[in-house]
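Report on the structure
Here is what each chain is made of, one letter per residue.
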Amino acid sequence: MAPTAGTPSGRTLFDKVWDAHSVRELPNGQTQLFIGLHLIHEVTSPQAFAMLHDMGLPVRFPGRTFATVDHIIPTDSQLRPLSDSIAEAMMSELERNCRTHGIRFFDPASGHQGIVHVIGPELGLTQPGMTIACGDSHTSTHGAFGAVAFGIGTSQVRDVLATQCLTMSRPRVRRIEVAGKLAPGVYAKDVILSIIRHLGVQGGVGFAYEYAGSVFEAMTLEERMTVCNMSIEGGARCGYVNPDETTFAYLHGREFAPKGEAWNRALAWWRTMASEPGAHYADRVSLDGAGMGPTVTWGINPGQSVGVDERLPMLRELPDEERAAVEEALLYMDLRPGQPILGTKIDVAFIGSCTNGRISDLREAARVARRGRVNPGVRALVVPGSHAVARQAEAEGLDEIFRAAGFQWREPGCSMCLAMNPDKLIGREMCASSSNRNFKGRQGSPTGRTLLMSPAMVAAAALHGRVVDARELL
Amino acid sequence: MSNAAAVERVVGRACVLRGDDIDTDRIIPARYLRAITFEGLGEHAFEDDRKQAKGDHPLDQERFAGSSILIVGYNFGCGSSREHAPQALRRWGFRAFVGGSFGEIFFGNCGANGLPCAAVSPEDLARLMDLVELDPQQEIVLDIEARTLTSRAGTMRVAIPEGARHQLLEGTWNATAVLLDAGPAIEAAAARLPYVAGFAAPPTHLPRS
């Protein structure tokens, strides 16, 4: 795959960030890329620290790595020692590694703990023009700021700790323009589910996605994060939005954002990092935002979705090569070809995750939650993405709205998105979820089932015990 | 670099795992990530899929026992970045993956562990899956240097991106040493980025405009 960098007069943000962070070309043709911000958590870092120890190496830039605990932490109580002894051991290991190497650890006691992709942005660590890596595939979230951000494996976490660099092959850039204006009750989650439905879960392999067009220009940073977060579900390891005044306004005054004269210098640099009008793209895709509606997945990958008022595919209407995968998904989900998604019964409702666990997500879910009570047959959880999100929600009284409606209000963490803590589906339970993956077994039960949708749609499903169109409750 | 680490070819029997978009949650369920090492992951590879297939999963089929090459469909290893996935498959006994295409992070994690991921054309993939299912005892040779896969039915071309191929052949797939070779060029690269010093000084490097 030949690199297709733009000409100097028409480069993309991706080209500029890549070139600015290139340390050297490696003997194998790859690039040694400097990583500006490295985020770590308790699941994918301990083996990396052990490898570093075995090699007798220090952390090269300890000030450029930040840690938090999110995947395994219980959400009923974060009191130490954690009630789950394995979780306690994993958190202690992270604490020990951070202490040994002088890495800042945002633990619950710091008041800044939360899902790694929620706290990086809210602390102002995530900034335009950076390269950002984390041992977590949803690192693409940080692209919302105009950063080049991607998930890595544990051996690569070791590489970043030891050298602050990675060996990388340059992807191509696809520009995805979403024109028009979203209708009321249609959210960023619906935009990314629509994009993945259109381009497929393999469509982005080998690409970085640049999201553009009037829909993205009108989005808040939190909405942009929701879209960039799920780039990886479309196969693209990274996705970004060019930084603009919305980005700068979000960052201004945040703890790690530049202050005073440094802020002005930062602004000047950030403004130079956006894609230029004549930039070259390996591919361009245009979609109509005005035509997008609330979207719900029905299958076992995030590309298997329909509009809330649509029916599931009919097997006879599918091309031969797609039929087996659809049949497998329907069998697993226990859904019928051609049935409407509306009315699908649910057992669990989960609002949270790095995709949709931010304050704006909770506000939209609460708008719906105050319209009723959780259906008696439904277990409903709200898990804020961070302590900061929880504090803000509590200041606005959202926790009371959720509790009054029968939702459980929990402590921050990844929770039932991937169920590495005690929050799990049981048996064949069907979960309306604001998270990012509907894979088989993803939410903790090997036979559990997931319907992905926006937080407002999850709240509406919780009240009715089945999939409904949240627009009727907004 | 240690030539002992070089991976020039993988020779052995193969196992056919049909289906596209097989994600890393299926390869190793998240509950097995509750540990601070990769030890013991092998026996849990594809655990839930295997349980649901009641002994009929390819990894449990007697005819594929002891195979070292896993033949897969498209977008194998998509989803979560967990390196536990290739670690589990390696501990199960696989030393190489041949398929239609691979999730990018999975591909990188395999590379970082000296495990080749080779892509074949759609026609060759269909033919290879059929051939190996018909005759699972045959020896398969994946030649990284020649970019070929040879079975009893003959030789087909495979695609391995040059970066990964070079690392396998040179035994430099553990990238840390290669990256350290850059020496002070790393600090120099950091110094050119205005944010590394918190924008404390006027930027010394502006992209061409």
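One structure accompanies this document, and this report is about it. It should be emphasised that the depicted structure is a prediction, and the values quoted were computed from it without experimental measurement.

Description of the sheet that holds strand β1 (residues 9-12) of chain B
Residues and elements named next belong to chain B. Strand order in the open sheet formed by four strands is β1-β6-β7-β8, and the pairing between neighbours is antiparallel. Bordering the open sheet on either side are β1 and β8 (154-157), each of which pairs with just one other strand. Neighbour-to-neighbour, the strand axes of the sheet open up by a mean angle of 15°, direction not taken into account. As paired elements, strand β6 (residues 140-143) and strand β7 (residues 148-151) share three bridges and run antiparallel to each other. Bridge assignment links Leu142 to a residue of β7, and that residue is Leu149.

Brief notes about the interface of chain B and chain A
With 58 residues of chain B in contact, the opposing surface of chain A contributes 67 residues. Going through the elements one at a time, α1 (24-27), α2 (47-53), α4 (104-111), α6 (162-170), α7 (176-180) and α8 (185-192) of chain B are the ones with two or more residues in the side of chain B that touches chain A.

Examining the nonpolar core
Formed by 222 residues in total, the largest nonpolar core has its most connected members in A:Ala349, A:Val458, A:Ala462, B:Ile71 and B:Phe97. Considering every element that reaches this core, the biggest residue donor is helix α16 (residues 455-464) of chain A, with eight residues.

Quick word on helix α5 (residues 154-163) of chain A
Along α5(A), ten of the ten residues are buried, which leaves the element largely enclosed by surrounding structure. Where α5(A) ends, the next residue or the one after it, A:Gln164, has phi of about 60°, a positive value.

A look at helix α15 (residues 398-405) of chain A
Residues and elements named next belong to chain A. Inspection of α15 places Leu398, Ile401, Phe402 and Ala405 among the buried residues, and these make up the whole buried set. One side of α15 holds all its buried residues, which, seen down the axis, span an arc of 95°. At its buried positions, α15 is contacted by α13 (359-369), β16 (379-382), α14 (387-395) and β17 (408-409). Among the residues trailing α15, Gly406 stands out with phi positive, at a value near 100°.

So, how was this worked out
- Residues numbered from 1 in each chain as written.
- Chains lettered and ligands numbered in written order.
- Predicted model: local features only at pLDDT ≥ 70, side-chain atom pairs only at ≥ 80, totals over all residues.
- Pairing = 2+ DSSP bridges.
- Helix = DSSP H or I, 4+ residues; strand = E, 2+ residues; numbered from the N terminus.
- Axes fitted to C-alpha atoms, helices over the stretch in contact; angles between N-to-C directions.
- Contact = placed C-beta atoms within 7 Å.
- Core = buried A, V, L, I, M, F, W, Y, C linked by C-beta atoms within 7 Å.
- Buried ≥ 20, exposed ≤ 12 C-beta atoms within 10 Å, placed from the backbone.
- Arc of directions from axis to C-beta.

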